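Architecture at a glance
Single-letter residue listing:
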Amino acid sequence: MQLTPLIPEPMPNQYTFDEIREIHDLPFTTLIFRAQQIHQKFQDPAGVQLCTLQSIKTGQCPENCKYCPQSAHYDTPVDAEPLMDSEDITGKAAEAKAGGASRFCMGAAWRDVRDGPQFDSVLDTVRKVSDMGLEVCCTMGMLREDQAVRLKEAGCAVYNHNLDTSREFYPEIITTRTYDDRLQTLKNVRKAGLEVCAGGILGMGESTEDRLRLLMELADLDPHPDSVPINALVPVPGTPLENMEPVSCFEFVRIIATARILMPRSIVRLSAGRTEMSAEAQALCFLAGANSIFLGEKLLTTPNPEKSEDFRLLKDLGLYPLDPEEARNFHRQAEPA
Ligand code: SAM
Ligand code: DTB
Ligand code: SF4
């Protein structure tokens, strides 16, 4: 007779919305305990993946994402920059590697990827950065399957494309593309054999229900996203969301814990917004199941904590940088109960 395992293997479509709400609403102590049970079983409990971001084409984006300082629709402090030269990007990648990052994520303020010399130059850069022994991630907007295949062949490992929020709240934030456009790109990325990095932003005026619907949407992807960035909105002057109130630390931690429980094998990344979080709040996020951060003084266009501060935090907590190969082996070995 097959006994139901105490902590079952993660499955897409595993939870109904009401069940997700029940998990989220558990007493904080029980929620963290449940998240820790899963975290200890499916992840290296002391490993934190360190990623570095580099904006390779900045600003003047035709999309109207209300949170984004790079949208051409808003007057923000961001100075637009054309696509960087390949050598300049590889120089930044070398710095990131020397600084302790294992993943290098290149972001372009494009609505979608267009075939032509600019994409060819990105492919060339991807080849060089992956030859340096860094895991390459790109985030450049919408992508067709054949373009995803070319990225994969060039050595890109991961594509980041966020759902950002719930399907219901999405039109309040972006009207120049649809939720289904985002899901289609994620399908194209997956079909090409790239890892999927997909998450969202908290603090844009959405309800708790919207946050949980976003998590449900991510956890319904089959298989689950390989990584799930959870960003706290960085309110940038000039954007329509510049005056948003920050999400409470405890609600942020609840969402991280719920994501960990829903997607046990995914890396959960404590992404934008850390400059406004105390060391203690970040420690609570790690306790709730976050196991990745962006390392380096800049995200794409906004500040991030100093590297030395982050290494100090990891040291204080006895956590260490996760090696990508070790992380993969760990995932392969983590058997269900
Ligand atoms: N243009 C591409 C796209 O939209 O997919 C790639 C770059 S875009 C800046 C990557 C992600 O950064 C967005 O999907 C959003 O989740 C996040 N982001 C942008 N501005 C942000 C802000 N002010 N605060 C928090 N996250 C933000
Ligand atoms: C993600 O989810 N967060 C990163 C990365 N993926 C590309 C971007 C955060 C951007 C924050 C605003 C800025 O620095 O421009
Ligand atoms: Fe453009 Fe991406 Fe910013 Fe939206 S989030 S405005 S698509 S750079």
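Residues numbered from 1 in each chain as written. Chains lettered and ligands numbered in written order. Predicted model: local features only at pLDDT ≥ 70, side-chain atom pairs only at ≥ 80, totals over all residues. Heavy atoms only, no water.

Some remarks on helix H8 (residues 208-219)
- With 12 residues, H8 extends 16 Å from end C-alpha to end C-alpha; this agrees with the ideal 16 Å at 1.5 Å per step.
- Those residues of H8 lying buried are Asp210, Arg211, Leu212, Leu214, Leu215, Met216, Leu218 and Ala219. (Helix = DSSP H or I, 4+ residues; strand = E, 2+ residues; numbered from the N terminus. Expected span 1.5 Å × (residues − 1). Buried < 20%, exposed > 50% of the residue type's maximum accessible area, 1.4 Å probe, protein only.)

Comments concerning the nonpolar core
- Counting 92 residues, the largest nonpolar core has Tyr67, Met140 and Leu151 as its most contacted members.
- For this core, the element with the most residues is helix H9 (residues 249-262), which contributes 8 residues.
- The contact partners of Leu151, leaving out residues within four places of it in the chain, are Phe119, Leu123, Val126, Cys138, Met140, Leu143, Cys156, Tyr159 and Leu194.
- In this structure, Val158, Cys197, Ala272 and Leu299 belong to the second largest nonpolar core, which totals 9 residues. (Core = buried A, V, L, I, M, F, W, Y, C linked by side-chain atoms within 4.5 Å. Contact = heavy atoms within 4.5 Å.)

Description of the packing of H8 against H9
- Contact geometry for H8 and H9: axes closest at 10 Å, N-to-C directions at 25°. Taken together, the axes of H8 and H9 lie roughly parallel to each other. As H8 packs across H9, the resulting crossing turns out to be right-handed. Residues Thr208, Arg211, Leu212, Leu215 and Ala219 of H8 form the contact with H9, whose participating residues are Glu251, Ile255, Thr258, Ala259 and Leu262.
- The residue inventory of the contact of H8 with H9, partitioned by class, reads 6 nonpolar, 2 polar and 2 charged. (Axes fitted to C-alpha atoms, helices over the stretch in contact; angles between N-to-C directions. Parallel < 35°, antiparallel > 145°, perpendicular 65-115°, else oblique. Left-handed = near helix turned anticlockwise from the far one by under 90°. Nonpolar A, V, L, I, M, F, W, Y, C, P; charged D, E, K, R; others polar.)

Structural notes on the site of ligand 1
- Residues in close proximity to ligand 1 total 18 residues, the closest being Tyr67, Asn162, Asp164, Arg182 and Val234.
- Separating an oxygen atom of ligand 1 from a side-chain N or O atom of Asn162 is a distance of 2.9 Å.
- In this structure, Val234 approaches ligand 1 through a main-chain N or O atom, which is 2.9 Å from a nitrogen atom.
- Classifying every residue of the shell around ligand 1 by side-chain character gives 11 nonpolar, 5 polar and 2 charged. (Near = heavy atom within 4 Å. Polar contact = N/O pair within 3.5 Å; in protein donor to acceptor, adjacent residues only side chain to side chain.)

Points about the site of ligand 2
- Lining the immediate environment of ligand 2, one finds Leu53, Pro69, Thr139, Asn160, Asn162, Pro229, Asn231, Phe294, Leu299, Leu300, Thr301 and Thr302.
- One of the backbone N or O atoms of Leu300 is found 3.0 Å from an oxygen atom in ligand 2.
- Protein contacts shield 88% of the accessible area of ligand 2, which totals 410 Å² for the unbound molecule. (Areas by Shrake-Rupley, 256 points an atom, 1.4 Å probe, with all protein chains shown as cover.)

Thoughts on the environment of Met277
- Among the secondary structure elements, Met277 is positioned in the loop between strand S8 (267-270) and helix H10 (279-287).
- Spatially, the C-alpha atoms of Met277 and Arg177 are 31 Å apart, while their sequence positions differ by 100 residues.
- In contact with Met277, not counting residues within four places along its chain, are Ala232, Phe252, Leu270 and Gln282.

With respect to the pattern of salt bridges
- Per the stated rule, a full pass over the model turns up 18 salt bridges.
- The salt bridge partner of Asp180 is Arg167, with a shortest N-O separation of 2.8 Å. A residue pair is termed long-range when its members are at least 10 positions apart, and Asp180 in helix H7 (residues 179-191) and Arg167 in the loop between strand S4 (156-160) and helix H6 (170-173) qualify at 13 residues.
- The partly exposed category is assigned to Arg167, whose relative accessible area is 35%.
- In this structure, the salt-bridge partner of Asp226 is Arg190, at a minimum N-O distance of 3.2 Å. Placement of Asp226 in the loop between H8 and strand S7 (227-232) and of Arg190 in helix H7 is noted, with a sequence separation of 36 residues between them. (Salt bridge = Lys/Arg side-chain N within 4 Å of Asp/Glu carboxyl O.)

Digging into the side chain of Arg177
- Secondary-structure assignment places Arg177 in the loop between H6 and H7.
- A polar contact is formed between the side chain of Arg177 and the side chain of Glu63, at a distance of 2.9 Å.
- In terms of polar contacts, Arg177 uses its side chain to reach the side chain of Tyr170, at 2.9 Å.
- Dropping the residues within four chain positions of it, Arg177 is found in contact with Glu63, Cys65, Tyr67, Arg111, Met142, Asp164, Tyr170 and Arg182.

Observations concerning the pairing of strand S2 (residues 103-108)
- S2 sits mainly inside the fold: 6 of its 6 residues count as buried.
- Side chains of S2 alternate between two faces, with Arg103, Cys105 and Gly107 and Phe104, Met106 and Ala108 buried alike.
- The pairing of strand S1 (residues 47-57) with S2 spans 6 bridges and is classified as parallel. Across the sheet, the residue bridging to Thr52 is Phe104, located in S2.
- For the segment spanning S2, helix H4 (residues 117-131) and strand S3 (residues 135-139), crossover handedness is right-handed. (Pairing = 2+ DSSP bridges. Right-handed = clockwise from strand over helix to strand, strands pointing away.)

Looking at the pairing of S8
- Here S8 shows no split at all, with Ile267 and Arg269 on one side and Val268 and Leu270 on the other all buried.
- The pairing of S7 with S8 spans 4 bridges and is parallel. Counterpart to Pro229 in the pairing with S8 is Arg269.
- As a crossover connection, the stretch from S7 through H9 into S8 is right-handed.

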